[in-house]
Amino acid sequence: MGCTNDNIKKICNFYVSDWHLAVMLLPYINKEINEGVKITTILEKDIKNNIETLIGRLNLKNEDEILNINWNDNSNNIEKYIQRNLDDKRQNLFIINGNKDYIENTNEKLFKCIKEKRVQGKFIKIVDCYEIGKDDKKMYDIIKMHDGILNTSGEYEIQKIV
């Protein structure tokens, strides 16, 4: 299991291209919006054009809400960005995308902000998105550091797939 805090669940995701990432994330995000979850992206590079192109082709109820999510590169001053977006009134979903070092550094900053803001009792889900073939770590090592995995058919607990 990747986390010791019961209020935080870490999920990993593997993708082969920015288009594949967008196709996997959109239905998942649509479902999370339906459940009232606050969604924040922390991206090393911009995927806004991919999202805008795909959103018109998929039949999703929450198109406007999805388009209002920040899909741009927002790697400048990550800690202030996290503090502004961490909602202590409802559940949070943080989607982190970038290379291995970027994801690990962002997770450290996110956990620091959660601790400083003392977000208690609200569930926080973190989805770390890794491009296959871009990271030195083996997929199995990455999976072991997470509680679940997200793929095109949804979110699964690690115990059920390993």
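Residues numbered from 1 in each chain as written. Predicted model: local features only at pLDDT ≥ 70, side-chain atom pairs only at ≥ 80, totals over all residues. Heavy atoms only, no water.

Peer 1: Looking at this model, I keep getting lost on the overall build of the chain. Mind explaining?
Peer 2: A tally of regular secondary structure across the chain gives seven helices and six strands. Walking the chain from its N terminus toward its C terminus, one meets helices and strands in the order β-α-β-α-α-α-β-α-β-α-β-β-α. Per-residue burial for the chain yields a buried fraction of 48% across its 162 residues. Sequence separation of at least 24 residues holds for 79% of the intrachain contacts in the chain that already meet a minimum separation of 6. (Helix = DSSP H or I, 4+ residues; strand = E, 2+ residues; numbered from the N terminus. Buried < 20%, exposed > 50% of the residue type's maximum accessible area, 1.4 Å probe, protein only. Contact = heavy atoms within 4.5 Å.)

Peer 1: When you look at a nonpolar patch on the surface in this model, what are you seeing that I'm missing?
Peer 2: Taken together, the side chains of Val 16, Ile 132 and Met 139 define a hydrophobic patch exposed on the protein surface, amounting to about 260 Å² of accessible area. For Ile 132, the location among the structural elements is in the loop between strand 4 (124-131) and helix 6 (139-144). (Patch = residues over 30% accessible without salt bridge, like charges linked within 9 Å, V, L, I, M, F, W, Y side chains within 5 Å. Areas by Shrake-Rupley, 256 points an atom, 1.4 Å probe, with all protein chains shown as cover. Salt bridge = Lys/Arg side-chain N within 4 Å of Asp/Glu carboxyl O.)

Peer 1: How should I be thinking about the packing of helix 1 (residues 18-34) against helix 2 (residues 48-55) in this particular structure?
Peer 2: In helix packing, the relevant descriptors are the interaxial angle and the interaxial distance, both defined with respect to the helix axes. Running from amino to carboxyl end, helix 1 crosses helix 2 at an angle of 55°, the nearest separation of the two axes being 9 Å. In terms of orientation, helix 1 and helix 2 fall into the oblique class. Crossing geometry of helix 1 relative to helix 2 is assigned as right-handed. Where helix 1 approaches helix 2, its residues Asp 18, Trp 19, Ala 22, Val 23 and Leu 26 are matched on the opposing element by Asn 50, Ile 51, Thr 53, Leu 54 and Ile 55. Residue composition of the contact of helix 1 with helix 2, by class: seven nonpolar, two polar and one charged. (Axes fitted to C-alpha atoms, helices over the stretch in contact; angles between N-to-C directions. Parallel < 35°, antiparallel > 145°, perpendicular 65-115°, else oblique. Left-handed = near helix turned anticlockwise from the far one by under 90°. Nonpolar A, V, L, I, M, F, W, Y, C, P; charged D, E, K, R; others polar.)

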